[in-house]
Amino acid sequence: MAELPEHAAVNREYWDGMAHEWVESGERAWSQAEPSWGIWSVPESELHLLPDDMTGMRAIELGCGTAYVAAWMARRGATVTGIDNSAEQLRTAQRLSEQHGVALELIHGNAEKVPQPDGSFDFAISEYGAAIWADPYAWIPEAHRLLRPGGTLVFLGNHILVAMCSPVDGSFPIARRLERPYFGIHRLDWRDAVDDPGGIEFSLTFSEWIRLFRETGFEILDLAEIHAPADATGSHAGISADWARDFPSEHVWTLRKAA
Ligand SMILES: C[S@@+](CC[C@H](N)C(=O)[O-])C[C@H]1O[C@@H](n2cnc3c(N)ncnc32)[C@H](O)[C@@H]1O
């Protein structure tokens, strides 16, 4: 296997080390009849991230983790590939795929460099996979390469406001004021964070995202900014439901590869 960039090597170790903590949520999501998205479990009926009928479509999940999104697509009729950087996450994905009788092609690797030919897929998606853990300047062009002309890329991850309101020492909770500059975020290294130290994530400003999409050859179909539902409680990684009712905690971009 080709040598990994530093962030991918760090994130591999991080995710292999905590994959066991994601087994239970993966099992729950595999059992869901109806998809729901992100930390607030917003139902598919509100977000419409997947085509209702994916019969005959070739789809890829970039950073699939336990691969429940891949399973949701396969149940809608798609032939699905999932790639993930963590062998331990894929171990759970493989077990659940066998248990549920849902066939998936699972690849261990970096979503920035996928061992599949150009134009192999009609649909690509990432929910908190490549969407936040891979360098957008590498994985967005790679997703573009993998899609056929007219193919769709959907990705969901943290809104940049979360990074801007995150205290610089990585402590929780996320503040109701700006803690970091908007410009120049790109790479967020959480290894020394006070609370829940983690791996290396990525985020761009809105103008940087838009420029990257246009220069890569994507058309923007939609940008959704997700907030917590009225009845949401608790908090996820320092983001409380109260915070996320007032500010967007997640974004979803929907893009089309120009024909
Ligand atoms: C939070 S999970 C995403 C899967 C699922 N949607 C979820 O939310 O649980 C994050 C996954 O991204 C994977 N990941 C991180 N960097 C990656 C990369 N460069 N290429 C492929 N997968 C990556 C991790 O190994 C991990 O399994």
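Since we're looking at a predicted model, the values are computed, not measured. (Residues numbered from 1 in each chain as written. Predicted model: local features only at pLDDT ≥ 70, side-chain atom pairs only at ≥ 80, totals over all residues. Heavy atoms only, no water.)

Caption draft 1: A look at the environment of Arg-176. Its location among the elements puts Arg-176 in the loop between helix H8 (160-164) and strand E8 (186-189). Once you skip the residues sitting within four places of it in the chain, Arg-176 turns out to touch Asp-242, Trp-243, Asp-246 and Phe-247. A polar side-chain atom of Arg-176 sits 3.3 Å from the main-chain carbonyl oxygen of Asp-242. Within the structure, the side chain of Arg-176 is placed 2.9 Å from the side chain of Asp-246, a separation counted as a polar contact. (Helix = DSSP H or I, 4+ residues; strand = E, 2+ residues; numbered from the N terminus. Contact = heavy atoms within 4.5 Å. Polar contact = N/O pair within 3.5 Å; in protein donor to acceptor, adjacent residues only side chain to side chain.)

Caption draft 2: Quick peek at the pairing of strand E6 (residues 121-127). Taken across its seven residues, E6 has seven buried, putting it largely inside the fold. Where E6 and strand E7 (residues 147-158) come together, six bridges link them in parallel fashion. Following the sheet pairing, Ala-124 is matched in E7 by Leu-153. (Buried < 20%, exposed > 50% of the residue type's maximum accessible area, 1.4 Å probe, protein only. Pairing = 2+ DSSP bridges.)

Caption draft 3: Structural view of the packing of aromatic side chains. Applying the stated criterion across every chain yields a total of 14 aromatic pairs. Judged by centre distance (5.1 Å) and plane angle (85 degrees), the ring pair of Trp-139 and Phe-155 falls under edge-to-face. Residue Trp-139 is found in helix H7 (residues 136-146), and its partner Phe-155 is found in strand E7; the two are separated by 16 residues along the sequence. For the pair shown, Trp-139 and Phe-155 are each scored as buried. Consider the rings of Phe-206 and Trp-253, whose centres lie 6.2 Å apart with planes at 50 degrees: the pair is tilted. With Phe-206 in helix H9 (residues 206-216) and Trp-253 in strand E13 (residues 250-257), this residue pair connects regions lying 47 residues apart in the sequence. (Phe/Tyr/Trp six-rings, centres within 6.5 Å; stacked < 30°, edge-to-face > 60°.)

Caption draft 4: The arrangement of the sheet that holds strand E10 (residues 218-226) in detail. The strand order E5-E4-E3-E6-E7-E13-E10 describes an open sheet built from seven strands, whose pairing is mixed. Each end of this open sheet is capped by a strand with a single partner; those strands are strand E5 (105-108) and E10. Each strand of the sheet is rotated relative to its neighbour by a mean of 15 degrees, with strand direction disregarded. Of the strand pairs in this sheet, strand E3 (residues 58-62) and E6 are connected by three bridges, and their pairing is parallel. Within the sheet, the bridge partner assigned to Glu-61 lies in E6 and is Ile-125. Against the sheet, H7 engages E3, E6, E7, E10 and E13, with an angle of about 145 degrees to E7. The strands touched by H9 within the sheet are E7, E10 and E13, with E10 carrying the most contacts at an inclination of about 150 degrees. (Axes fitted to C-alpha atoms, helices over the stretch in contact; angles between N-to-C directions.)

Caption draft 5: Representation of unusual backbone geometry in the model. In this structure, Pro-173 follows Phe-172 across a cis peptide bond, with omega equal to 0 degrees. Tracing the backbone shows Pro-173 in the loop between H8 and E8. A positive phi angle, close to 45 degrees, is found at His-186, a residue other than glycine. As for its placement among the helices and strands, His-186 is situated in strand E8. If you check the backbone angles, Asp-196 has positive phi at about 50 degrees while not being a glycine. With respect to the secondary-structure elements, Asp-196 resides in the loop between E8 and strand E9 (200-203).

Caption draft 6: Spotlight on the side chain of Thr-254. Looking at the secondary structure, you find Thr-254 in strand E13. When its relative accessible area of 16% is taken as the criterion, Thr-254 is described as buried. Once residues lying within four places of it in the same chain are set aside, the contact partners of Thr-254 are Thr-152, Leu-153, Val-154, Glu-219, Ile-220, Leu-221 and Asp-222.

Caption draft 7: Fine view of the nonpolar core. Within the largest apolar cluster, 54 residues are counted, with the highest numbers of intra-cluster contacts made by Trp-37, Met-73 and Phe-123. No other element matches the six residues that helix H4 (residues 68-75) contributes to this core. Ignoring sequence-local partners within four residues, the contact set of Met-73 consists of Leu-50, Met-54, Ala-59, Ile-60, Glu-61, Ala-78, Val-80, Phe-123 and Ile-125. Grouped together as the second largest cluster of nonpolar side chains are 25 residues, Ile-107, Ala-134, Ile-140 and Leu-255 included. (Core = buried A, V, L, I, M, F, W, Y, C linked by side-chain atoms within 4.5 Å.)

Caption draft 8: Up close: the site of the ligand. Around the ligand sit 18 residues, and of these Asp-84, Gln-89, Asn-110, Ala-111 and Glu-127 come closest. Here an oxygen atom of the ligand and a side-chain polar atom of Asp-84 are 2.6 Å apart. Between the ligand and the protein, one listed contact pairs a nitrogen atom with a side-chain N or O atom of Asn-110 at 2.8 Å. Protein burial of the ligand: of its 580 Å² of free accessible surface, 96% is covered by the chains. Here the shell around the ligand is built from residues that sort into eight nonpolar, eight polar and two charged. (Near = heavy atom within 4 Å. Areas by Shrake-Rupley, 256 points an atom, 1.4 Å probe, with all protein chains shown as cover. Nonpolar A, V, L, I, M, F, W, Y, C, P; charged D, E, K, R; others polar.)

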